[in-house]
Amino acid sequence: MAGTHMKSKTKADYREEKDRWLAEVVKKAVLSAPTSPCTTKCPDPAIIRDLVFHKPVAPEITKDVALHLTECPDCARIALTYREEYREQKENSV
Ligand SMILES: [Zn+2]
């Protein structure tokens, strides 16, 4: 039952982790009704796309956008759309 704890994480593992984390963030944002308008400025959808597509994004921007996604259902929905696009691309490239 104990896993091979010696195994170090690969880049793909990190991608998977980030992907899962992003999915969680997005899901939560979409599920929680927009009770209040978001306090931060909406980021450029292109940045959300880069984030979802695992393009290199500056850590502070990643943090800002992730935080924004948790409080802005509109942007969360955009992220969700890109996520589906990403999944499709991944499937097609296999
Ligand atoms: Zn927003």
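Predicted model only: the values in this text are computed from it and were never measured.

Undergrad: So what's going on with helix α3 (residues 59–71)? Which residues, and what values?
TA: In a regular helix each residue adds 1.5 Å, so 13 residues correspond to 18 Å; α3 covers 19 Å between its end C-alpha atoms and thus fits that length. When α3 is considered as a whole, its buried residues turn out to be Val65, His68 and Leu69. Along the axis of α3, the buried residues cluster in a sector spanning 105°; they form a single face. Exposed and oriented more than 90 degrees from the buried face of α3 are Pro59, Glu60 and Lys63.

Undergrad: So what's going on with the packing of helix α2 (residues 45–52) against helix α4 (residues 73–93)? Which residues, and what values?
TA: Axis angle and axis distance: for two packed helices, these are the angle between their axes and the distance between the axes, and together they describe the pair. Packing of α2 against α4 brings their axes to within 9 Å, and their N-to-C directions diverge by 45°. One element, α2, and the other, α4, form an angle in the oblique class. Along this stretch, α2 crosses α4, giving a crossing that reads as right-handed. Counted together, Pro45, Ile48, Arg49 and Val52 of α2 and Cys75, Ile78, Ala79, Tyr82, Arg83 and Tyr86 of α4 form the full contact between these two elements. Grouping the constituent residues of the contact of α2 with α4 by class yields 8 nonpolar, no polar and 2 charged.

Undergrad: Residues and numbers for α2, please.
TA: Of the residues making up α2, those classed as buried are Ile48, Leu51 and Val52. Angular distribution of buried residues about the axis of α2 spans 95°; they occupy a single face of the element. Just downstream of α2 lies histidine 54, where phi reads positive at about 60°.

Undergrad: Any details on the packing of α2 against α3? Residues and values, ideally.
TA: Axis separation between α2 and α3 bottoms out at 11 Å; the angle between their running directions is 105°. Classified by the interaxial angle, the pair formed by α2 and α3 is roughly perpendicular. Contacts from Ile47, Ile48 and Leu51 of α2 reach α3 at Ile61, Thr62 and Val65. Of the residues that constitute the contact of α2 with α3, the class distribution is 5 nonpolar, 1 polar and no charged.

Undergrad: Please provide a residue-by-residue account of the confidence of the model for the protein, values included.
TA: The predicted structure's coordinates, where accompanied by low pLDDT, should not be read in detail. In this model, the protein carries an average pLDDT of 82, and 83% of its residues clear a pLDDT of 70 or more. Averaged pLDDT values over the elements of the protein bottom out at 78 in helix α1 (residues 11–31) and peak at 94 in α2.

Undergrad: Just give me the short version of the nonpolar core, but keep the residues and values in it.
TA: Residues Val26, Ile48, Val52, Leu69, Cys75, Ala76 and Ala79 are the most contacted members of the largest nonpolar core, which totals 14 residues. Breaking this core down by element, the ones donating at least two residues are α1, α2, α3 and α4. Counting residues per element, this core draws most heavily on α4, which supplies 5 residues.

Calculation notes
- Residues numbered from 1 in each chain as written.
- Predicted model: local features only at pLDDT ≥ 70, side-chain atom pairs only at ≥ 80, totals over all residues.
- Helix = DSSP H or I, 4+ residues; strand = E, 2+ residues; numbered from the N terminus.
- Expected span 1.5 Å × (residues − 1).
- Buried ≥ 20, exposed ≤ 12 C-beta atoms within 10 Å, placed from the backbone.
- Arc of directions from axis to C-beta.
- Axes fitted to C-alpha atoms, helices over the stretch in contact; angles between N-to-C directions.
- Parallel < 35°, antiparallel > 145°, perpendicular 65-115°, else oblique.
- Left-handed = near helix turned anticlockwise from the far one by under 90°.
- Contact = placed C-beta atoms within 7 Å.
- Nonpolar A, V, L, I, M, F, W, Y, C, P; charged D, E, K, R; others polar.
- pLDDT = per-residue confidence, 0-100.
- Core = buried A, V, L, I, M, F, W, Y, C linked by C-beta atoms within 7 Å.

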